[in-house]
Amino acid sequence: MTLGYYYQNPFVYRNGLPEIPIDLYLACQEFLKYFDEVVILANHQEQSNRNTKPLPEGVKMVDIGPLKPHWVRLLGFGYDRERVRQASQKLDALIIQGPTTLVPHIGKDAPRPLKIFLQVGFWGSVYPGQFRSHSLIKEIGLQCMVRIAEYQQKQAFKKGIIFSNNPLKLEMYKKLAPGYFISKGLVRKEEISKRTSFEIIEPIKLLYYGRIESDKHIETIIRACRLLKEQEFPFHFDIVGGASGPYLKHLLELTRQLDIEKEITFHGPVPFHEKQQYFNRADIFIFHTCGTEGFPRVIWEAFSFGTPVIAANYPGADLFFENEKHLLLFERKNQSELAEKIIALSNNERLRRRISTEGQKLLSEHTLEKGHGNMAKLIIKAINNHNDGQ
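Each chain has its residues counted from 1, following the order in which its sequence is written. Local features are withheld for residues below a pLDDT of 70 in this predicted model, meaning they are given only at 70 or higher, and side-chain atom pairs are given and counted only at 80 or more; totals for whole chains, interfaces and linings count all residues. With hydrogens and water stripped out, all remaining heavy atoms of the structure feed into the side-chain values.

Asks: Sorry, what's going on with the overall build of the protein chain here?
Replies: Helical segments are the DSSP runs of H or I of at least four residues, strand segments are the runs of E of at least two, and each set is numbered from the N terminus. Regarding its fold elements, the protein chain presents 14 helices and 16 strands. Taking 21 Å as the expected radius of gyration for a compact globule of 390 residues, we find that the protein chain reaches 21 Å, a close match to that expectation. C-alpha extents for the protein chain along the principal axes are approximately 65 × 45 × 45 Å. Burial status across the protein chain gives 54% buried among its 390 residues. We call two residues in contact whenever any of their non-hydrogen atoms come within 4.5 Å of each other. Put simply, of all contacts in the protein chain between residues at least 6 apart along the chain, 71% involve residues at least 24 apart. Only carbon and sulfur atoms are counted for the fraction: they give 49% of the accessible area of the protein chain, which is about 17,700 Å². Positive charges are assigned to Lys and Arg, negative charges to Asp and Glu, while His and the chain termini are left out of the count. Lys charges are placed at NZ, Arg charges at CZ, Asp charges at CG and Glu charges at CD. Of note, the protein chain has its 52 positive side-chain charges centred 4 Å away from the centre of its 44 negative side-chain charges. Radius of gyration means the value over C-alpha atoms here, while the globule rule gives 2.2 Å times the residue count to the 0.38 power. Type-normalised accessible area, obtained with a 1.4 Å probe on protein chains alone, sets the label of each residue: buried when under 20%, exposed when over 50%, and partly exposed for intermediate values. The method behind every accessible area is Shrake-Rupley, applied with a 1.4 Å probe, and residues are considered shielded solely by the protein chains displayed.

Asks: Explain the pattern of salt bridges here, please?
Replies: Once their charged atoms are close, side chains differing in charge can pair, the charge on each being opposite to the other. What counts as a salt bridge is simple: a side-chain nitrogen of Lys or Arg found within 4 Å of a carboxyl oxygen of Asp or Glu. A full pass over the atoms with the stated rule returns 20 salt bridges. Two residues, Glu82 and Arg85, come together in a salt bridge whose shortest N-O distance is 3.4 Å. Of this pair, Glu82 and Arg85 both sit in helix α3 (residues 81–88), three residues apart, which is roughly one turn of that helix. Among the residues examined, Glu82 registers a relative accessible area of 40% and is labelled partly exposed. When its relative accessible area of 35% is taken as the criterion, Arg85 is described as partly exposed. Measuring nitrogen to oxygen at the nearest pair gives 2.8 Å for the salt bridge that ties Glu301 to Lys275. Of this pair, Glu301 sits in helix α10 (residues 297–304) while Lys275 sits in helix α9 (residues 275–281), and the two are 26 residues apart along the sequence. Residue Glu301 shares its accessibility class with Lys275, and that shared class is buried.

Asks: In this structure, what is going on with the sheet that holds strand β2 (residues 12–14)? I would like to understand it.
Replies: Sheet strands pair via backbone hydrogen bonds, and the direction of the pair is either parallel or antiparallel. In spatial order, the strands read β2-β3-β5; together these three strands make up an open sheet with antiparallel pairing. Unpaired on one side and paired on the other, β2 and β5 (52–54) mark the two borders of the sheet. Averaged over all adjacent pairs, the angle separating strand axes in this sheet is 45°, with direction ignored. Where strand β3 (residues 17–21) and β5 come together, three bridges link them in antiparallel fashion. Note that in β5 the partner of Ile20 across the bridge is Lys53. Here, axes are lines fitted to C-alpha atoms. For helices the fit covers the stretch in contact, and angles between N-to-C directions go from 0 to 180 degrees. On top of the sheet, helix α1 (residues 22–31) reaches β3 and β5; it is set at about 95° to β3, its chief contact. Pairing between two strands is assigned when DSSP locates at least 2 bridges connecting them.

Asks: What exactly am I supposed to notice about the sheet that holds strand β15 (residues 309–312) here?
Replies: Read from one edge of the open sheet, six strands run β13-β12-β11-β14-β15-β16, paired in parallel fashion. Edge positions in the open sheet fall to β13 (264–268) and β16 (328–330), since each of these has one partner strand only. In this sheet, adjacent strand axes meet at a mean angle of 20° when their direction is disregarded. Pairing of strand β11 (residues 204–209) with strand β14 (residues 284–287), which is carried by two bridges, proceeds in the parallel orientation.

Asks: Any chance you could explain α3 here in plain terms?
Replies: Residue pairs three or four apart in sequence face the same way in an α-helix, which turns once every 3.6 residues. Where α3 is concerned, the buried positions are Val84, Ala87 and Ser88. Seen from one end, α3 has its buried residues packed into an arc of 95°, which puts them on one side. Residues of α3 that are buried sit in contact with β4 (37–44), β6 (59–66) and α4 (103–108). The directions considered for the arc are those from the helix axis to the C-beta atoms.

Asks: How do you make sense of the side chain of Lys341 when you look at a structure like this?
Replies: Here Lys341 lies in helix α12 (residues 335–346). The buried charged residue Lys341 lacks any salt bridge, with Glu337 as its nearest oppositely charged partner at 4.2 Å. We define a polar contact as two N or O atoms separated by no more than 3.5 Å, with the added condition that, inside protein, one atom must be a possible hydrogen donor and the other a possible acceptor, whereas residues neighbouring each other in sequence contribute only through side-chain atom pairs. In terms of polar contacts, Lys341 uses its side chain to reach the backbone carbonyl oxygen of Leu329, at 3.4 Å. Discounting residues that sit within four places of it in the chain, Lys341 has contacts with Ile310, Asn323, Leu328, Leu329 and Phe330.

Below, the structure written as structure tokens:
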């Protein structure tokens, strides 16, 4: 059997050869244990701040054109439709991963294979009303695009099967198509390493690792750091990850205004293999988001290194994690509560040990191998049922 995979994030060419993001690379490796071939359909861009790797053996790339703006993709013009049609003729199933405005258009241009809508949701990392630089006209435009994308996707979902890593999203769309919950931590079993020491040497080392974009609202963590400084609590906050120019400028200006420039370091993106040193060095990892999440990969990565986690209580978080068992949860955008949690966790070694141990136990139940293995088995079952006319 041949599995197709439309991936919403672009790939890049390095030395004339395609390279794909690490998470897609790992997923393909697992799928090849169950399928004869994996064919990726994706847009390309000239540069990327993501860590990438060459295609694994057994994986082919179909370049469907350069990455276009959201509004172009919303209208169905952001890709080479003929290439999608030709490639889909040889596929038994096609995973269409969201959130993206191209979900319904890719589905329409690939009529033959069984459609698997993965991580259903809506497009983009810039959410209306969350970043002050948006003009009123742009806000209205963003809202309209979200509504159109929502309608188009609901129509597309009726023609396939939904796989979601967020139970709330699955519940939302279950009337449109058959659905399955997929739990995948995107961390391999061999990557889990027990933390050897929980001793803290001041200043307390805080870490944010991941995308630095407005939907993550890093301002909340930065303002919590200001509260820590006002209480004379010793800390240093490392921010690791790629950021867009305007948003990074905004965060740098905020740290200057709050007079905490010396306590915060922006490291920028780092190679994938260097992440371990940041997690091992950190006393506490902090995760924040104002968007929707399923299984946030970076939380599972923190678990894999045994780094104690404090995370925003995003919708659905309490379906996966138990507060004060696997991590500490705080209300989104509540910098006061976050500061309190940081101080409490820093002062309680027993609690740090417990959530580190329990987080790793939870991760071992949701490794990349188990998640993608379960997904592959469900897809094969669905293909057989589809071929039998069920």
